[in-house]
Amino acid sequence: MLLHLKLRLELQLLGRCAQLVINRHASKGNVDKEVMEQMEKGYKKLAESKSKSLLKKHLTKEIFEKLKTKTTPSFNSTLLHCISSGMCNHDSGVGLYAPDPEAYKVFADLFDPVIEEYHKCFKKTDKQPATAFGKGADFENLDPDGHFIVSTRVRCGRAVKGYPFNPCLTEADYMELESKICGAVTSLTGEYKGKYMPLTGMDKCIQEQLIEDHYLFKEGDRFLASAGASRYWPTGRGIFLNSAKNFLVWCNEEDHIRIISMEKGGDLGKVYDRMVGGVEALGKQLQFNRDERLGFLTFCPTNLGTSIRASVHIKLPNLMCDPDEMKKLADKYRLQIRGTSGEHSEAKGGVHDISNQRRMGLTEYEIIKEMHDGIKGLIEAECKAKSA
Ligand code: ADP
Ligand code: CIR
């Protein structure tokens, strides 16, 4: 109970801090004086900091001066909306978010180089290939004897056409989106049949258990809060869970929709196929926002393209003895290592979350193959390290 109160308070404080920074709107086409001052101040601090974020690297003085007066045509978003998370959190890896779909074009001089570096050479002249899911059956179980992999999860994000992203959503938008998404998920049938649970009014013990079991998103992520993603929390947020608890949909967390398939063990193909079936069923009821060049549009530029993150919770005790070498090996396979409770968390009991880093420039099938081959390579290296 106490923990919960503390969390609520922190969340409110974070939300307020974030709103102070980014919730002042530019008057149509003009960036307000106060917004400009906050941007200038934040930029100077970031430029002087030791931040290793992609934002700091690519927001040069020249780009900052060029973009600081621009606004997006439909939602009047400013550069401050895009960079406030990285300005508030110098420990960001990326530090950049798109407040609305048009921001990717209006602020392309900043987004393009960040996208190019994060997604391993997706150039501004490149185009995301057409959606091609292929067949999960092509991928064998990565760990049939259960020595290394605890569980496998594949997720993708979707934005509903006609709505901006978190910082520009009104409270009414959140409720409208929730109603549409809830309608779509609760009409799923067969193995996808399940129940939608709104965060508003959710029993705290149930919420904490769902988070601990890796089903539900956490509360109070400071990177998201300062990007303006926690406004009106918990309104419009919720989770759909099927009866078997291996198919989930997150509503209005970082993205409008996150579609997730997960289960114990290493059967990547089965987990992937289940996610694809769910995405296709939901796509019949909701119109997803997809850009010709960038693919599926998401709030964070790291999720553009296929928006797929395929991960395993895995134990690699011998490789993990040397974290620097492990990181080099993961980089070679274009894999990202996270902690047991997700991004910006620590590993518990030697369990790491390892997933594909890039999500763009390849089809969905190729993204899964890249992750599959990388995890296979890591398991082989672990076996060699053990017998050495
Ligand atoms: P994402 O951006 O994919 O939603 P996060 O890093 O925020 O990822 O993690 C969300 C939740 O998913 C966390 O609870 C995390 O532990 C859980 N998770 C990620 N991969 C796996 C996996 N392979 N097995 C079980 N849980 C997982
Ligand atoms: C950051 O910049 O660290 C956060 N805004 C999260 C970025 C997304 N994470 C990732 O590496 N895929």
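See the structure printed just above.
Since the structure is predicted, the reported quantities are computational estimates derived from the model, not experimental observations.

Definitions and cut-offs
- Residues numbered from 1 in each chain as written.
- Chains lettered and ligands numbered in written order.
- Predicted model: local features only at pLDDT ≥ 70, side-chain atom pairs only at ≥ 80, totals over all residues.
- Heavy atoms only, no water.
- Near = heavy atom within 4 Å.
- Polar contact = N/O pair within 3.5 Å; in protein donor to acceptor, adjacent residues only side chain to side chain.
- Areas by Shrake-Rupley, 256 points an atom, 1.4 Å probe, with all protein chains shown as cover.
- Axes fitted to C-alpha atoms, helices over the stretch in contact; angles between N-to-C directions.
- Helix = DSSP H or I, 4+ residues; strand = E, 2+ residues; numbered from the N terminus.
- Left-handed = near helix turned anticlockwise from the far one by under 90°.
- Contact = heavy atoms within 4.5 Å.
- Nonpolar A, V, L, I, M, F, W, Y, C, P; charged D, E, K, R; others polar.
- Buried < 20%, exposed > 50% of the residue type's maximum accessible area, 1.4 Å probe, protein only.
- Salt bridge = Lys/Arg side-chain N within 4 Å of Asp/Glu carboxyl O.
- Phe/Tyr/Trp six-rings, centres within 6.5 Å; stacked < 30°, edge-to-face > 60°.
- Lys NZ or Arg CZ within 6 Å of the ring centre and 35° of its normal.

**Focus on the site of ligand 1**
The local shell around ligand 1 holds 18 residues, among which S151, R155, H214, S311 and E343 are the closest. Note that a nitrogen atom of ligand 1 is positioned 2.7 Å from one of the side-chain N or O atoms of S151. A distance of 2.8 Å separates an oxygen atom of ligand 1 from a polar atom in the side chain of R153. About the coverage of ligand 1: the protein hides 93% of its 560 Å² of free accessible area.

**Notes on the packing of helix α2 (residues 33–48) against helix α5 (residues 79–88)**
At their nearest, the axes of α2 and α5 sit 10 Å apart, and the two run at 35° to each other. Handedness of the α2/α5 crossing: left-handed. Between α2 and α5, the residues in contact are V35, Q38, M39, G42, Y43 and L46 and L79, L80, I83, G86 and M87, respectively. A class-by-class count of the residues in the contact of α2 with α5 yields eight nonpolar, three polar and no charged.

**Remarks on unusual backbone geometry**
W233 connects to P234 through a cis peptide bond whose omega is 5°. Within the secondary structure layout, P234 lies in the loop between α10 (222–225) and β3 (238–242). Even without being a glycine, H214 presents a positive backbone phi close to 70°. One non-glycine residue with positive phi stands out, namely N252, at about 60°. Along the polypeptide, N252 turns up in the loop between β4 (247–251) and β5 (257–264).

**Topic: the side chain of S51**
Tracing the backbone shows S51 in the loop between α2 and α3 (54–58). Given the relative accessible area of 10%, S51 is considered buried. A polar contact of 3.1 Å, which involves the side chain of S51, links it to the side chain of S53. Polar side-chain contacts of S51 include one of 2.8 Å to the backbone oxygen of H90.

**Looking at the site of ligand 2**
Taken together, 13 residues surround ligand 2, and among them G93, V94, G95, Y97 and E343 come closest. Contact distances for ligand 2 include 2.7 Å between an oxygen atom and a backbone N or O atom of V94. At 2.9 Å, a side-chain N or O of Q336 approaches an oxygen atom of ligand 2. A total of 340 Å² of accessible area belongs to ligand 2 in isolation, and the protein chains cover 93% of it.

**Some details on the pattern of salt bridges**
Tallying each qualifying case throughout the model produces 24 salt bridges. Its salt-bridge partner being K105, residue D291 comes within 3.2 Å of it at the nearest N-O pair. Taken together, the residues D291 in strand β6 (residues 290–291) and K105 in helix α6 (residues 103–106) connect sequence positions 186 residues apart. Classification of D291 by relative accessible area gives buried; the value is 14%. By relative accessible area, which is 63% here, K105 ends up exposed. Among the ionic pairs, R274 bridges to E263, the shortest N-O distance being 2.5 Å. One end of the pair, R274, is in helix α11 (residues 268–283); the other, E263, is in strand β5, with 11 residues separating them in the sequence. Look at E263 and you get buried, because its relative accessible area is 19%.

**A look at the packing of aromatic side chains**
Scanning the model with the defined rule gives 10 aromatic pairs in all. Judged by centre distance (6.1 Å) and plane angle (70°), the ring pair of Y174 and Y232 falls under edge-to-face. Note that Y174 is positioned in helix α8 (residues 171–185) and Y232 in the loop between α10 and β3, a separation of 58 residues in sequence. With centroids separated by 6.5 Å and ring planes inclined at 75°, the aromatic side chains of F240 and F247 adopt a geometry described as edge-to-face. Of the two residues, F240 and F247, both sit in the buried class. Its guanidinium or amino end placed over the ring of F296, R158 lies 3.4 Å from that ring's centre, counting from NZ or CZ. The ring of F296 has R290 lying over it, and the distance from NZ or CZ to the ring centre is 5.1 Å.

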